[in-house]
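Here is how the chains run, residue by residue.
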Amino acid sequence: MSIEAHGITKAFGAFAALNGVDVNVPKGKLVALLGPSGSGKTTLLRIIAGLEFPDPGSGRVLFHGEDVTDLPAGKRRVGFVFQHYALFRHMTVFENVAFGLRVRRHRDRPSREGIAERVHHLLQLVQLEGLAGRYPSQLSGGQRQRVALARALAVEPKVLLLDEPFGALDARVRKDLRRWLRRFHDEIHITTIFVTHDQEEALEIADQVVIMNQGRVEQVGTPQEVYDRPATPFVYQFLGNVNVLRAPALAVALAQTGHGAEQNPDGLIYVRPHDIELTPHDAGGDGLSAVVRHIHAAGPQARVLLEQIQSREHVEVEISRSELSDLGLKVNDLVRIRLRMAHSFEEDYAI
Amino acid sequence: MLLTAVALLFLAFFLVLPLAAVFIQAFEKGAGYFLKSVLEPDALSAIRLTLLTVAIVVPANVVFGVAAAWAIAKFSFRGKSILTTLIDLPFAVSPVIAGLVYVLVFGAQGWFGPWLIAHNVRIIFAVPGIVLATAFVTFPFVARELIPLMQAQGTDEECSAVALGANGWQTFWRVTLPNIRWGLFYGVILCNARAMGEFGAVSVVSGHIRGETNTMPLHVEVLYNDYNIVAAFAVASLLALLALATLAIRTAIEWRTEGSA
Ligand SMILES: Nc1ncnc2c1ncn2[C@@H]1O[C@H](COP(=O)(O)OP(=O)(O)OP(=O)(O)O)[C@@H](O)[C@H]1O
Ligand SMILES: [Mg+2]
């Protein structure tokens, strides 16, 4: 089932948490809502779920083209997983998963055996068969996460809404679980929105990324689109490391890349650390001169911190370890830098 | 270490010693006299009245306390801070003043007094007044116990229940109530203890009619003023026993909740 939200505005007192947000999620897709803390991701998700309502007259929420704006949460057939799971602490895993079936009206409620069968099927799906009798406090974070997912799926939702599903887990478990979520989604194809403030997570598993900032949508696109063609400086900075340079001298270097900076030589220029090429200074050529200030060589990539000679601006460059040893760089060496790819935005977009 | 010793000494002197004195005094003239003091008609009437008051006040305050705590902890609305302050009012007001206010409102010379007399309804110097005064004084106990607990638990579980299709009633019975059951139980115990022991407010509205409007604490006072010290302590020992039971239950609950948390 597709999800559409049009012109959603939501104010808490005088503070606008959402400001005319439009989102469109095609049927069966896995979409990431990405944004910094406080950007309104949870609020938007809760409005889609029906746990919160947009300001009167401000916007509509449509499921499969049908207006559900005034429908309460229980009637929308959404599976919602909360930022901190919100499992029922006094119920076992089994009871948690069965809850959504138990509270149905008598004529819609499956039989006792029907419920047990469905719960066990779901626990199998999330790989927790053996833990049906445990209480939430006896589970690890990753296990709780999957119980919350199974509980949400028990009511056969038409859409799945996950609020920072991996937020409270350590880096390793996060990685495992997000790949698991992708595979899981490929199996059951339920329209899913998941909230995250981790750009790596969003870019890795989502079909589409919605980037939010201060209650507005900054950009919507596939991971590759938003990464390669960020629409705003905010998106550029949010999706990975970036050098923000303000230097007329760089216009020279930029003219070669053909990114239009020559029309806007005083503007800010955005360059990713891995889009900068280093060459030895004595080799000549047209790059800008810079001095090596620091080399950080732990990890798969080496990070080199440079100071550009004319403008004295600092530039961070990422190169492979082998490139680093080929160049034989040391601190205080002189090098040339060339920009492979860079962006400039209209000045009034700058943050 | 020294501090602990001082605290223990203080406790022994101000709490354990007087409590022991109550029981020693109560049995000064032997078990027979104790039973006689506790079973004489006026004493029995006082016990009955106290139990009746408790049977009305405690359930009423449970309903009110749960409703108020639920509203304050789980929703935001205008006037919330006023409601929170009002709940604390009985803690801030001297019970005697609370009693006097009821006399002022419902007494013979009070605002509704003439109307009540004309319709043959007695509130002051009768059971309804005692119930009202006790209800006022014990008003905060359940709510105060539940509000911090419910606030700490937040609304996420309720939201989950609603998103899973539960209606308000199901959410309350299946999710909220089980999560607060121990806090609620303890609130009830405290409310009960205070309702049985309340003296000031009840004293003002009761009129001290022996065998009719005397509750246990009032009966103790009457006996004491009659220089019937041993009988007074015999009835008082029943109240002291209640206090001990309350403490024991509290400890048991704390054990339990720590064990399961
Ligand atoms: N019930 C509320 N009352 C008042 N302000 C609120 C309420 N809920 C959210 N806000 C405010 O709205 C803004 C957006 O909140 P929201 O929870 O949607 O952010 P978020 O993007 O989910 O952030 P995070 O990544 O930290 O979870 C925040 O500034 C927050 O303080
Ligand atoms: Mg959030």
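Predicted model only: the values in this text are computed from it and were never measured.

A short note on the overall build of chain B
Reasoning step 1: What chain B contains, in helices and strands, is 13 helices and zero strands.
Reasoning step 2: Counting from the amino terminus, helix and strand elements in chain B follow one another as α-α-α-α-α-α-α-α-α-α-α-α-α.
Reasoning step 3: Sorting the 261 residues of chain B into buried and exposed places 41% on the buried side.
Reasoning step 4: In chain B, of all internal contacts separated by at least 6 residues, the share reaching a separation of at least 24 is 72%.
Reasoning step 5: Placing the 14 positive and 14 negative side-chain charges of chain B at their respective mean positions leaves the two points 5 Å apart.

Considering the coordination of the magnesium ion (ligand 2)
Residue and element names in this part refer to chain A.
Reasoning step 1: With distances of 1.8 to 2.8 Å, the protein atoms coordinating the magnesium ion (ligand 2) are T42 (OG1) and Q83 (OE1). Pair noted here: T42 is in helix α1 (residues 41-49) and Q83 is in the loop between β6 (78-81) and α2 (93-102), with a separation of 41 residues, a long-range link.
Reasoning step 2: Judged by relative accessible area, T42 falls into the partly exposed class, the value being 26%.
Reasoning step 3: Classification of Q83 as partly exposed rests on a relative accessible area of 27%.

Digging into the side chain of H90 of chain A
Reasoning step 1: By the secondary structure assignment, H90 of chain A is in the loop between β6 and α2.
Reasoning step 2: Among the polar contacts made by the side chain of H90 of chain A, one reaches the main-chain carbonyl oxygen of R174 of chain B at a distance of 2.9 Å.
Reasoning step 3: Residue contacts for H90 of chain A: discarding those within four places in its chain leaves Y135 of chain A together with R174, V175, P178 and N179 of chain B.

Here's the deal with the site of ligand 1
Residues and elements named next belong to chain A.
Reasoning step 1: Taken together, 14 residues lie near ligand 1, and S37, G38, K41, T42 and T43 sit nearest.
Reasoning step 2: Within the contact set of ligand 1, an oxygen atom lies 3.2 Å away from a backbone nitrogen or oxygen of S39.
Reasoning step 3: In this structure, an oxygen atom belonging to ligand 1 sits 3.1 Å away from a side-chain N or O atom of Q83.
Reasoning step 4: In isolation ligand 1 exposes 630 Å². Once the protein is present, 62% of that is buried.
Reasoning step 5: Only β2 (15-25) and α1 provide two or more residues apiece to the shell around ligand 1.

Things to note about the packing of aromatic side chains
Describing an aromatic ring pair means giving the distance of the ring centres and the angle of the ring planes.
All names here are of chain B.
Reasoning step 1: Applying the stated criterion to the full structure yields 18 aromatic pairs over all chains.
Reasoning step 2: A ring pair is formed by F13 and F14, whose centres lie 5.3 Å apart and whose planes are at 80°; its orientation type is edge-to-face.
Reasoning step 3: In this structure F13 comes out as exposed when scored by relative accessible area, which is 53%.
Reasoning step 4: Ring geometry for F27 and F34: centres 4.4 Å apart, planes at 15°, overall stacked.
Reasoning step 5: With relative accessibility at 39%, the residue F27 sits in the partly exposed group.
Reasoning step 6: A relative accessible area of 12% places F34 in the buried class.
Reasoning step 7: Here the aromatic cluster, defined as three or more aromatic residues joined through ring pairs, consists of W70, F75, W169, F172 and W173.
Reasoning step 8: The aromatic ring of Y33 is capped on one face by K29, whose charged end is 5.0 Å from the ring centroid.

A closer look at the sheet that holds strand β11 (residues 243-245) of chain A
All names here are of chain A.
Reasoning step 1: Within the open sheet, the three strands sit side by side as β11-β12-β18. Their pairing is antiparallel. Each having just a single partner strand, β11 and β18 (343-344) make up the two edges of the open sheet.
Reasoning step 2: Across two bridges, strand β12 (residues 269-271) lies against β18 in antiparallel orientation. Considered in β18, the bridge of Y270 is made with H343.

Comments concerning the environment of I97 of chain B
Reasoning step 1: Among the secondary structure elements, I97 of chain B is positioned in helix α5 (residues 95-106).
Reasoning step 2: I97 of chain B sits 35 residues away from V62 of chain B along the chain, and the two C-alpha atoms are 24 Å apart.

Notes on a nonpolar patch on the surface
Reasoning step 1: Taken together, the side chains of L8, F10, L11, F13, F14, L15, V16 and L17 of chain B present a nonpolar region at the surface, about 850 Å² in accessible area.
Reasoning step 2: Positionally, F13 of chain B belongs in helix α1 (residues 2-26).

What about helix α4 (residues 141-154) of chain A?
Residue and element names in this part refer to chain A.
Reasoning step 1: Taking 1.5 Å of rise per residue, 14 residues should cover 20 Å, and α4 covers 20 Å from first to last C-alpha, within 8% of that figure.
Reasoning step 2: Among the residues of α4, G142, Q145, R146, V147, A148, L149, A150, R151, A152, L153 and A154 are the ones counted as buried.
Reasoning step 3: One or two positions beyond α4, positive phi appears at E156, with a value near 50°.

Details of the environment of V315 of chain A
Residues and elements named next belong to chain A.
Reasoning step 1: Here V315 lies in strand β16 (residues 314-320).
Reasoning step 2: Note: C-alpha distance between V315 and L305 (10 residues apart in sequence) is 5.9 Å.
Reasoning step 3: Among residues more than four places away in sequence, those in contact with V315 are N243, L245, I276, V304, L305, L306 and I337.

Considerations on the interface of chain B and chain A
Reasoning step 1: Taken together, the contact between chain B and chain A spans 16 residues of the former and 21 residues of the latter.
Reasoning step 2: Each partner contributes to the roughly 1700 Å² buried at the junction of chain B and chain A, and carbon and sulfur atoms together form 61% of this total.
Reasoning step 3: Contact with chain A buries surface across chain B, with E157, L164 and R174 of chain B losing the most and accounting together for 36% of the total.
Reasoning step 4: Joining chain B to chain A, the criterion identifies one salt bridge.
Reasoning step 5: The salt bridge involving E157 of chain B is made with R89 of chain A; its shortest N-O contact spans 2.7 Å.

Remarks on the nonpolar core
Reasoning step 1: Ranked by internal contacts, the top residues of the largest apolar core, which has 47 residues, are V97, L123, L149 and I211 of chain A.
Reasoning step 2: The element that contributes the greatest number of residues to this core is α4 of chain A, accounting for seven residues.
Reasoning step 3: Here L149 of chain A is in contact with V81, L160, L162, W180 and F184 of chain A, once residues within four sequence places are set aside.
Reasoning step 4: Of all hydrophobic cores here, the second largest spans 39 residues; its members include F141, M150, M196 and L242 of chain B.

A look at the confidence of the model for chain B
Reasoning step 1: Counting all residues, the mean pLDDT for chain B is 88, and 98% of those residues have values of 70 or more.
Reasoning step 2: For this predicted complex, the interface confidence comes out at an ipTM of 0.75, alongside a pTM of 0.77.

Things to note about the sheet that holds strand β13 (residues 276-280) of chain A
Residues and elements named next belong to chain A.
Reasoning step 1: Taken in spatial order, the five strands make up an open sheet running β13-β17-β14-β15-β16, and their pairing is antiparallel. At either margin of the open sheet sits one strand with a lone partner, and together these are β13 and β16. Shown here is a sheet whose adjacent strand axes are inclined to one another by a mean of 45°, direction ignored.
Reasoning step 2: Of the strand pairs in this sheet, β13 and strand β17 (residues 334-339) are connected by five bridges, and their pairing is antiparallel.

Some words on the pattern of salt bridges
All names here are of chain A.
Reasoning step 1: Enumeration according to the criterion identifies 27 salt bridges over all chains in this entry.
Reasoning step 2: Of the charged contacts in the structure, one is a salt bridge between R178 and E201, with a shortest N-O distance of 3.9 Å. A residue pair is termed long-range when its members are at least 10 positions apart, and R178 in helix α5 (residues 171-188) and E201 in helix α6 (residues 199-205) qualify at 23 residues. Comparing R178 with E201 shows no difference in burial state: the two are buried.
Reasoning step 3: One salt-bridge network, held together by shared partners, links R174, K175, R178, R179, D198, E200, E201 and E204.

Reading the values: rules and limits
- Residues numbered from 1 in each chain as written.
- Chains lettered and ligands numbered in written order.
- Predicted model: local features only at pLDDT ≥ 70, side-chain atom pairs only at ≥ 80, totals over all residues.
- Heavy atoms only, no water.
- Helix = DSSP H or I, 4+ residues; strand = E, 2+ residues; numbered from the N terminus.
- Buried < 20%, exposed > 50% of the residue type's maximum accessible area, 1.4 Å probe, protein only.
- Contact = heavy atoms within 4.5 Å.
- Lys, Arg positive; Asp, Glu negative; His and termini not counted.
- Charge placed at Lys NZ, Arg CZ, Asp CG, Glu CD.
- Donors = N, O, S within 2.8 Å, 3.2 Å for Na, K, Ca; no water.
- Polar contact = N/O pair within 3.5 Å; in protein donor to acceptor, adjacent residues only side chain to side chain.
- Near = heavy atom within 4 Å.
- Areas by Shrake-Rupley, 256 points an atom, 1.4 Å probe, with all protein chains shown as cover.
- Phe/Tyr/Trp six-rings, centres within 6.5 Å; stacked < 30°, edge-to-face > 60°.
- Lys NZ or Arg CZ within 6 Å of the ring centre and 35° of its normal.
- Pairing = 2+ DSSP bridges.
- Patch = residues over 30% accessible without salt bridge, like charges linked within 9 Å, V, L, I, M, F, W, Y side chains within 5 Å.
- Salt bridge = Lys/Arg side-chain N within 4 Å of Asp/Glu carboxyl O.
- Expected span 1.5 Å × (residues − 1).
- Buried area = accessible area lost by both parts, 1.4 Å probe.
- Core = buried A, V, L, I, M, F, W, Y, C linked by side-chain atoms within 4.5 Å.
- pLDDT = per-residue confidence, 0-100.
- Axes fitted to C-alpha atoms, helices over the stretch in contact; angles between N-to-C directions.

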